[in-house]
Amino acid sequence: MDPTNRGPEDFSEDRRDDSTPAHGGSRRPPVSPDFGQPVPALARTVQLVSGDHLLTVNPVDGSEIEPCPPGERPGRPVKHDAAERIELARATRPPLPPGPALPRLPLLERQEDRERLVRLLARGRSVRLTGPSGSGRTALLDQVAEDCLGIAPDGVVRLSGHRRSADELLHELFGAVYNAPLHRPDRALMRELVHEVGAVVVLDDLEFGGTQLDELLEATPECAFLLAATPDVAAPSADSHVEEVFLGGLGRGSSLELLERVVGRVLTDDEAQWAGDLWFESEGLPLRFAQAGALLRQRDQLRADPNVFDEHGFFSDAPVDAPFDSADGYDVPLPSLAEGAAPAALLASRLSGSARATLRFAVALGGEIPHQAHLPALVGDQHADAALAELVAAALVTAVGARYRLAAGVQVQLEAAGFGDETVERARTAALHYAWWAGHPSVGPERVAAESDALLAALAVLVPLSADDGESPASVELARAAAPAFAAGLAWGAWERALRSGQEAARLAGLVSEEAYFHHELGILALLEGQLDRARAELEASIGLRGALADKRGTIAGRRALALVADRSGGALPGGRTAAGEEVPDAMYEESQSPPGGVPAAYAQPEPPREAETLVSRPTPPTVIGGGKAPTRRSIVSGTRRNMVAAGAGALLVAVLGTVVTLGATSHKDQPPSDKVNTNPSASAGENGGELGADKAEGSGKGGAGSGTSSAPADPGKDGIPGTADDPTPSSSAGQPSDDPSGTKSPDAPTKSPTKNPTKSPTKSPTKTPTKPPTKSPTPPETSEPPETSEPPETSEPPTPPDTTDTASSPVVPSVSDTVM
């Protein structure tokens, strides 16, 4: 937008709200109670919607991004009406220079080309107008745009392709046709909307062709494009169906006529001969004759009064052509042919000081002319805005979109004349000024975006010198102030270039906090554009730098954005990291510890495990029989924590141990547990084949903890409580199976007790308690002597079928007669 034209973003006195004083003065800022100091202005934050994201541009800690709530999503954009299109068209034109209006030069020898272009555009055909710099392409486009105002339903849209990509041009076309403030649709919706645009698009200074041009044309099938480019730009592809029109120079007669129009009088014979030689050398380019006409006007002023420029201070630091006396007044020789072909240095020497200073700034900024509203601050002259009119009249600048830049060839000519000697100082001055201006609360983001080319040009000059530019380089300050404004102004191409320049400048200057900020913003931009891998890399770099600086708020903002990247990626981040960037711990499978009193016996027979599985576990030393504590579930199944295959065997062992603990608790309720093993068995089969004297759990039958049957004595003893020490001992029978926890099924199949334990203290039972032969010997501990294995003796009775319980990972459990006194 034009910084001098007050638009919706201008916070001037004419746009007061109800809280502004009626007398027109500005409201005083609030004053804090501490010493009467004004409260500092809050950072300007802007919220906008991009696709399905809600972006909050925060220039302090970094932008924040989140999924857009349904209530804040904007509706489908609508097109501008006719009045709004006229206002937008006016804003896209370059500002008129102050002072008297300059005469409009006619189009000579262009009428046939003009009519041909209008006919092709009316048929919906796209045309590429190719011509060298200075051939008058922009002037011809202006005339054709006026002729095509009523052709398309959406009117005529003027765009500039100078340093613009195809995607940027599509977004600019969307913004010119649709009314969508603070809304940047995603790629799919944007292409759907521009697909419905029916307009004549006049695109000047196109800088790409080939595939990119094909994408631009395919995305807008209802538009007719008038493209202007130089011959060095890549041509359209063969399948694009773009008409090609070449624009050459003017003839000799038209060139002389144009020169007379610029000078405002008829040429003399000498001047006509000089103009003929210039036409042959310049191949009839209209720009050269416009500049030659400016030279002849200056010559006329010098012939009238040789001190005309001295009175205005124009030649305070530059020499002038020395006039010589003649009979009819002062005479100034014609410029040489070389000066006519390259007139920039001679023209600049006859301009005012403000105009020459403006040219120096333009040379420092790569040809970009600062807006006339900035010239008084940059030059140091309050009337420096009038310098633009001098430059336009001298044909040293040309219009590019809504701004001006140096004409073709002027940059090189001025550098040869010494206008580029103070490039770094001029660029630093411009950067500091733009940094202050872009960060001012009264400047809207649209105005900063309109001046993006000059700001980026200053960054390009200063970034390589950031390491030697002091503690706070001007390049970092400018990028830090301009990048949020570019983002809020929806100029995301300029936003990305400013972020990359700022990141490089901060890296060279060693400013870690600023470098982290730029990495964060680059990650946000990549996330908005759907480039998740690049967004993850940038955000992780920012989080790492801010973590080293203990920047808590910045780290939190980065982790939130990284979590959104993980969500958009469809899962956790690669590399073993969580959504917040933290490492994922190894998976752990923990089991609850057995209670001190043991666990109750299980009544359901566990399902036998599958023998196809192989259990790999740490060997557990066998239980010390002479120890003071009974084996617990934790010691038995400690090696099976991470193997769920042994779940059935563990459940069976829990049942056995529960029975052991129950027997010990009921038989020695009033006595402390003994820490010694007696040689006399505490329970055995009766003489008549009776059952053991252990209490049977209620409801337990043959499927209980033991495989046999047991019955409590009928006489509870003197104390009247069954299960105590005074109860009579039941008779046992050797022919009945024992209710032994070890699962013995045959009473006549005795087993040997292990002769050696881990402590090498042999313990042997005097009686041979019948036990079931184990199916597999447990893995012994690492000792000097391997433990003996017990083998079942040969008996006349049929062998008992082996138990299906997998005991590969569990030690042999001692019988009741060995563990209970």
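Calculation criteria
Residues numbered from 1 in each chain as written. Predicted model: local features only at pLDDT ≥ 70, side-chain atom pairs only at ≥ 80, totals over all residues. Heavy atoms only, no water. Helix = DSSP H or I, 4+ residues; strand = E, 2+ residues; numbered from the N terminus. Buried < 20%, exposed > 50% of the residue type's maximum accessible area, 1.4 Å probe, protein only. Contact = heavy atoms within 4.5 Å. Areas by Shrake-Rupley, 256 points an atom, 1.4 Å probe, with all protein chains shown as cover. Phe/Tyr/Trp six-rings, centres within 6.5 Å; stacked < 30°, edge-to-face > 60°. Lys NZ or Arg CZ within 6 Å of the ring centre and 35° of its normal. Salt bridge = Lys/Arg side-chain N within 4 Å of Asp/Glu carboxyl O. 1 Å grid on protein atoms, 1.4 Å probe; cavity = no way out; pocket = protein on both sides within 12 Å on 5 of 7 lines; lining within 4 Å. Points joined across faces, edges and corners; volume = space filled by probe spheres on them. Nonpolar A, V, L, I, M, F, W, Y, C, P; charged D, E, K, R; others polar. Expected span 1.5 Å × (residues − 1). Pairing = 2+ DSSP bridges. Axes fitted to C-alpha atoms, helices over the stretch in contact; angles between N-to-C directions. Parallel < 35°, antiparallel > 145°, perpendicular 65-115°, else oblique. Left-handed = near helix turned anticlockwise from the far one by under 90°. Core = buried A, V, L, I, M, F, W, Y, C linked by side-chain atoms within 4.5 Å. pLDDT = per-residue confidence, 0-100.

**Here's the deal with the overall build of the chain**
Check the secondary structure of the chain and you find 27 helices and 13 strands. Relative to its 821 residues, the chain shows a buried fraction of 43%. Partitioning the contacts of the chain with sequence separation of at least 6, the portion at a separation of at least 24 is 70%. If you sum the accessible surface of the chain, you get close to 42400 Å²; carbon and sulfur atoms cover 53% of it.

**Brief notes about the packing of aromatic side chains**
A complete count under the given rule lists 4 aromatic pairs for this structure. Pairing Y434 with W437 gives two aromatic rings, centres 6.1 Å apart and planes at 65 degrees, and the pair type is edge-to-face. Of the two residues, Y434 and W437 are both situated in helix α17 (residues 423–438); the distance of 3 residues between them amounts to about one turn of the helix. Across the pair, W437 and Y434 agree in class, each one buried. Between the aromatic rings of Y517 and F518, the centroid separation amounts to 5.4 Å while the plane-to-plane angle is 70 degrees, which identifies the pairing as edge-to-face. With a relative accessible area of 1%, Y517 lands in the buried category. Positioned above the aromatic ring of F361, the side-chain terminus of R426 is 5.1 Å from the ring centre.

**Concerning the pattern of salt bridges**
This structure, assessed with the given rule, holds 34 salt bridges. Among the salt bridges present, the one from R128 reaches E244, with a minimum N-O distance of 3.0 Å. Taken as a pair, R128 in strand β5 (residues 126–130) and E244 in strand β11 (residues 242–246) lie far apart in primary sequence, 116 residues in all. Since its relative accessible area comes to 3%, R128 is described here as buried. On the basis of relative accessibility, which here comes to 37%, the residue E244 falls in the partly exposed class.

**Comments concerning the environment of G131**
Summarising the element assignment, G131 is placed in the loop between β5 and α3 (137–147). Here the alpha-carbon distance between G131 and L247, two residues 116 residues apart in the chain, equals 4.7 Å. Here G131 is in contact with R137, A229, T230, P231 and L247, once residues within four sequence places are set aside.

**As for empty space enclosed by the protein**
Within the structure shown, the criterion is met by 4 cavities of 30 Å³ or more. Every element with two or more residues in the lining of the largest cavity is listed here: β13 (403–406) and α19 (452–462). Looking at the lining of the largest cavity, the element that brings in the most residues is α19, giving 3 residues. Considered class by class, the residues forming the lining of the largest cavity number 7 nonpolar, 3 polar and 4 charged.

**Structural notes on helix α8 (residues 269–282)**
Over its 14 residues, α8 runs 20 Å from end to end, which matches the ideal 20 Å to within 8%, given 1.5 Å per residue. All buried positions along α8 are accounted for by E271, W274, A275, G276, L278 and S282. Where α8 ends, the next residue or the one after it, E283, has phi of about 60 degrees, a positive value.

**Here we look at the sheet that holds strand β3 (residues 64–67)**
Judged by pairing direction, the sheet is mixed, and its 4 strands sit side by side in the order β3-β2-β1-β8 without closing on themselves. With partners counted over all chains shown, the strands left at the sheet margins are β3 and β8 (183–184), one partner each. Where strand β2 (residues 53–57) meets β3, 4 bridges bridge the pair, whose relative direction is antiparallel. What sits directly across from H53, in β3, is P67. Contacts between helix α22 (residues 512–528) and the sheet are confined to β1 (46–50), β2 and β3, with β2 contributing the most and set at about 155 degrees to the helix.

**Points about the environment of L508**
Here L508 shows up in helix α21 (residues 492–509). The sequence separation of L508 and L465 amounts to 43 residues, and the corresponding C-alpha distance is 8.4 Å.

**Observations concerning the packing of helix α7 (residues 252–263) against helix α9 (residues 286–304)**
Direction vectors running N to C along α7 and α9 enclose 40 degrees, while the axes themselves pass 8 Å from each other. When the interaxial angle is binned, α7 and α9 end up oblique. Remark: the crossing between α7 and α9 carries right-handed chirality. Within the contact between the two elements, α7 uses S255, L258, L259, V262 and V263 and α9 uses P286, F289, A290, A292, G293, A294, L296, R297 and D300.

**Points about the sheet that holds β5**
The parallel open sheet is built from 5 strands, whose spatial order is β6-β9-β10-β5-β11. The two strands at the open ends of the sheet, each matched to only one other strand, are β6 (156–160) and β11. Each strand axis lies, on average, 15 degrees off the axis of its neighbour in the sheet, ignoring direction. Pairing geometry for β5 and β11, over 5 bridges, is parallel. Looking at β11, one finds that R128 is bridged to E244. Docked against the sheet, helix α4 (residues 166–177) engages β6 and β9 (200–204), running at close to 145 degrees with respect to β6.

**Focus: the nonpolar core**
With 58 residues, the main nonpolar core has L55, V448, L478, F486 and W495 as its most contacted residues. When residues in this core are grouped by element, the largest group, 10 residues, is from helix α20 (residues 474–488). With sequence-adjacent residues up to four places away left out, L478 is seen in contact with A431, Y434, A435, L455, A458 and L459.

**Overview of the confidence of the model for the chain**
Looking at the chain as a whole, the pLDDT averages 75, with 62% of positions reaching at least 70. Mean pLDDT across the elements of the chain ranges from a minimum in helix α27 (residues 816–819), with 40, to a maximum in strand β10 (residues 224–229), with 97. Throughout residues 1–41 the model reports pLDDT below 50, and contacts reaching past four residues in sequence, or to other chains, amount to 39 contacts. In the model, residues 668–712 has pLDDT below 50 throughout and makes 83 contacts with residues more than four positions away in sequence or in other chains.

**Concerning the packing of helix α13 (residues 353–364) against α17**
Packing of α13 against α17 brings their axes to within 8 Å, and their N-to-C directions diverge by 95 degrees. Classified by the interaxial angle, the pair formed by α13 and α17 is roughly perpendicular. Residues R360, F361 and A364 of α13 form the contact with α17, whose participating residues are T423, R426, A427, T429 and A430. Considered class by class, the residues forming the contact of α13 with α17 number 4 nonpolar, 2 polar and 2 charged.

**Structural notes on the pairing of β2**
Along β2, 5 of the 5 residues are buried, which leaves the element largely enclosed by surrounding structure. Neither face of β2 is exposed, since H53, L55 and V57 on one face and L54 and T56 on the opposite face are all buried. Pairing of β1 with β2 involves 5 bridges; the strand directions are antiparallel. Looking across to β2, one finds that V49 is bridged to L54.

**Focus on the side chain of S475**
Structurally, S475 can be placed in helix α20. Residue S475 is classed as buried on the basis of its relative accessible area of 1%.

**Section: the pairing of β10**
Burial of β10 is extensive: 6 of the 6 residues sit out of reach of the surface. Alternating residues of β10 divide into A224, L226 and A228 and F225, L227 and A229, and every residue in both groups is buried. Summarising the sheet, β5 and β10 pair through 4 bridges and their orientation is parallel. Bridge assignment links T130 to a residue of β10, and that residue is A229.

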